[in-house]
Structure formats: structure tokens, C-alpha cells
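# Breakdown of the fold
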Amino acid sequence: MTVPNAAAPDPRPLTGEPVSLDLLNTRWMADGVRQDLLTGTDGLAIWLAANGLDGRFAADPATLRHTLTARDALGALVDRPGDPAATARVDAVLGHGRIRATLTAEGPGEQPEFADPAWGPGWTAARDYLDLLRTQPDRIRKCAHEACILHFFDTSRNGTRRWCSMALCGNRAKASRHYARTKDQ
């Protein structure tokens, strides 16, 4: 059995989003070809490390399977907000864990608990999505570039961010508009 290599570089073009959107962003487009970080436990190890979950959850086949289930459920809900079937899929993922209220020396806290720890990363992502919906659901966005499938949480002051990255998709859109203008002259 090979040990997953969490020290491998993260190949994704957009990282650092909230864990729920970062899970969706384990699929992306590169040169017109769909890429997927979660094709095996090595990719799962990279994603767990990128989200600070590697010390809490194993990058094993069961965790990969459950994390993919959560990614598909979240993807369906983001694509079809309010859809009862998509909502039920996310709710089913959330059914694999719970929050236990705690009191520590630092004060009140919460501790997630799982009957099966392999559901932990997927449940954590689904729980994070609930937090985004609770705070600012209108800031959950899909990149406006037609060839991009990435998602982000708009933290811009006025809430008008359109691109996953101005350097990538925003620049491509500007270049396309410039080309279209100059082509007609």
C-alpha cells in the first residue's frame, strides 16, 4: 500500500476558498480539458492538507468515496439552489455527523462528531456550505468565464467580483473583448 503524498504541490488554479467551495474546486478546466484532483487518495491527501484536515482525517479509499459523494451533492445544490433533490443529497451528507456543544477553559465551543470518521471531510464541507448560506448566500458565485467551472466566495467590498481570478479568467475575458473590437476595425 502506498502512502498518499500530501507534500505534493496542489495543481489547482484556485485555492484558499471556504472548504465547501474548495471541495467543488477539486474539478477545474485546463486547456479545455476537465481535471479532477480527487481521482485517488493522493489527490485527497493534497486537498485535506490544503484545508488543514490532514491531521484529523485519513486519505483512504472510504474517505475518498464519501468526500466525492459530498462534492457531488454540493455541486448539485450550487447548480440548482433550492432544488429539493439536491437539498436532500446535502442533508444526507450532513446526517453522517453532528455538532456537540462543549465548554472549555477558553469558553463555549463546538466539537464535530462522526459515527464513521470517513465522512468527516465531506460533512465538514457540507457544514461549511450551511455557514455560507447563513451569512451571505448571494456571495457564493460561479466564475463568469464560460469555459471555467470554478466557484468562489465574493469577499470584495461591493460584492461585484465576477471571476475566479482576475489574472486568469478576467484577463481572458478582457483579451477576448479586445480581440473582438480590433477584429472588426
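Before going into details, it helps to say that this report is about the structure given with it. (Residues numbered from 1 in each chain as written. Predicted model: local features only at pLDDT ≥ 70, side-chain atom pairs only at ≥ 80, totals over all residues. Heavy atoms only, no water.)

Below, the discussion takes up the overall build of the protein. What the protein contains, in helices and strands, is 6 helices and 6 strands. Reading the protein from its N end, one meets helices and strands in the order α-β-β-α-α-α-β-β-α-β-β-α. Residues classed as buried in the protein amount to 38% of the 185 residues present. Counting only contacts in the protein whose residues sit at least 6 apart along the sequence, the fraction spanning at least 24 positions is 48%. When the accessible surface of the protein is split by element, carbon and sulfur atoms take 53% of a total near 10,400 Å². (Helix = DSSP H or I, 4+ residues; strand = E, 2+ residues; numbered from the N terminus. Buried < 20%, exposed > 50% of the residue type's maximum accessible area, 1.4 Å probe, protein only. Contact = heavy atoms within 4.5 Å. Areas by Shrake-Rupley, 256 points an atom, 1.4 Å probe, with all protein chains shown as cover.)

This part takes up helix α2 (residues 41-50). Among the residues of α2, those classed as buried are Gly43, Leu44, Ala45, Ile46, Trp47 and Leu48. Elements in contact with the buried residues of α2: α1 (19-24), α3 (61-79) and α5 (120-135). Glycine 52 sits one or two residues past α2 and shows a positive phi near 65°.

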